[in-house]
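Tertiary structure, described
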Amino acid sequence: MTKPPWSPQSVVVAFDESKVATPAGNPDAAEAEDCFHAYQRELDYLIGCLRRLGVPSRDLEDVLHEVFLVMFKRWDDYDRERPLRPWLFGIAFRVASSQRRRTSRELQADVIEAAHPGEGPDDALATTQGRQLLLAALAFVPLERRAVLVMHEVDEVPMREIAEQLEIPLFTAYSRLRKARKELDQALTRLNKRGRS
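Residues numbered from 1 in each chain as written. Predicted model: local features only at pLDDT ≥ 70, side-chain atom pairs only at ≥ 80, totals over all residues. Heavy atoms only, no water.

As a further point, take the overall build of the chain. Looking only at helices and strands, the chain features eight helices and two strands. For the chain, the α and β elements follow one another from N to C terminus as β-β-α-α-α-α-α-α-α-α. Residues classed as buried in the chain amount to 39% of the 197 residues present. (Helix = DSSP H or I, 4+ residues; strand = E, 2+ residues; numbered from the N terminus. Buried < 20%, exposed > 50% of the residue type's maximum accessible area, 1.4 Å probe, protein only.)

Membership of the largest hydrophobic core comes to 51 residues, with the highest contact counts inside it found for Leu50, Val67, Met71, Trp75, Trp87, Phe89 and Leu166. It is helix H4 (residues 84-103) that contributes the most residues to this core, nine residues altogether. In contact with Phe89, not counting residues within four places along its chain, are Tyr45, Cys49, Leu53, Ala147, Val150, Met151 and Asp155. (Core = buried A, V, L, I, M, F, W, Y, C linked by side-chain atoms within 4.5 Å. Contact = heavy atoms within 4.5 Å.)

On to helix H2 (residues 43-52), then. With seven of ten residues buried, H2 lies mostly within the body of the structure. When we look at burial in H2, the residues that qualify are Tyr45, Leu46, Gly48, Cys49, Leu50, Arg51 and Arg52. Remark: Gly54 follows H2 within two positions and exhibits a positive phi of approximately 90°.

Right, let's get into the pattern of salt bridges. One pass over the structure, following the stated rule, counts nine salt bridges. In this structure, Asp77 engages Arg74 in a salt bridge whose closest nitrogen and oxygen atoms are separated by 3.8 Å. You can call Arg74 partly exposed: its relative accessible area is 29%. For the salt bridge of Arg82 with Glu161, the shortest nitrogen-to-oxygen distance reads 2.3 Å. Remark: Glu161 occurs in helix H7 (residues 159-166) and Arg82 occurs in the loop between helix H3 (57-73) and H4; sequence separation between them is 79 residues. You can call Arg82 partly exposed: its relative accessible area is 29%. In this structure, a network of salt bridges that share partners links the residues Arg82, Glu161 and Glu164. (Salt bridge = Lys/Arg side-chain N within 4 Å of Asp/Glu carboxyl O.)

Considering the arrangement of structural elements, one finds Gln165 in helix H7. Gln165 sits in the buried class, given a relative accessible area of 12%. Not counting chain neighbours up to four residues away, the residues in contact with Gln165 comprise Pro86, Trp87, Gly90, Arg94 and Met151.

This brings us to unusual backbone geometry. Negative phi characterises most residues that are not glycine, and trans characterises most peptide bonds. Even without a glycine there, the phi angle at Glu156 is positive, about 55°. Turning to its location among the elements, Glu156 is positioned in the loop between helix H6 (143-154) and H7. Note on Glu156: relative accessible area 66%, which makes it exposed. At Glu167, a position not held by glycine, the phi torsion is positive, near 55°. The topology assignment puts Glu167 in the loop between H7 and helix H8 (170-196). Exposure remark for Glu167: the relative accessible area of 64% places this residue in the exposed category.

Here we come to the confidence of the model for the chain. Mean pLDDT over the chain works out to 77, with 73% of the residues at or above the 70 mark. Between the elements of the chain, mean pLDDT differs from a low of 41, seen in strand E1 (residues 12-14), to a high of 91, seen in H3. Per-residue pLDDT stays below 50 along residues 1-25; that stretch engages in 33 contacts with residues further than four places along the chain or on separate chains. pLDDT under 50 marks residues 105-116. Its contacts with residues more than four places away, or in other chains, come to 27 contacts. (pLDDT = per-residue confidence, 0-100.)

Pasting the structure below:
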């Protein structure tokens with residue numbers, strides 16, 4: 001009796017045990033383990049990326065699951081000589097875009113649930129309000145331009161790497177960054193005026 005060929009669908013991820021179960025004796029088991037551990041290490045980063053890309057908290061778990069599945073399927077394509085985060089951001093961007101198209105509803109500003117530990121109540125409130133304002137303003141920047149802005153300004157990814165990961169020309173990446181900065185400034189100004197009224 002021959003063993004069925006190994007496929008990504010045969011991998012079971014047990015998040016509570018932090019292990020990846022693969023068919024016994026499989027040479028790809030080490031690759032699956034590497035992929036899962038990389039995902040675990042970058043989970044906080046991915047959550048932040050998806051939130052900045054406008055994924056609502058209620059959908060975050062499902063979108064993270066999709067990101068992992070795409071990451072796992074494409075793990076062999078990842079060039080280990082390059083940084084992992086820009087590659088992951090490219091995946092997160094595509095999954096978030098796909099999710100947004102599927103739901104086809106307006107993005108709403110997400111609420112930050114927890115404040116930083118160790119802050120006083122006034123500082124925590126100001127920090128939370130600042131984050132809410134920024135997330136609300138980012139929602140006014142179209143996703144294609146928001147992705148470039150977040151990668152460059154927050155993650156400090158060089159523009160050439162952004163263009164490569166998003167599969168766009170370098171000139172287009174710079175153009176999107178310039179427009180995104182302008183749109184973010186305009187959105188922040190509008191939201192600040194609204195808040196003072």
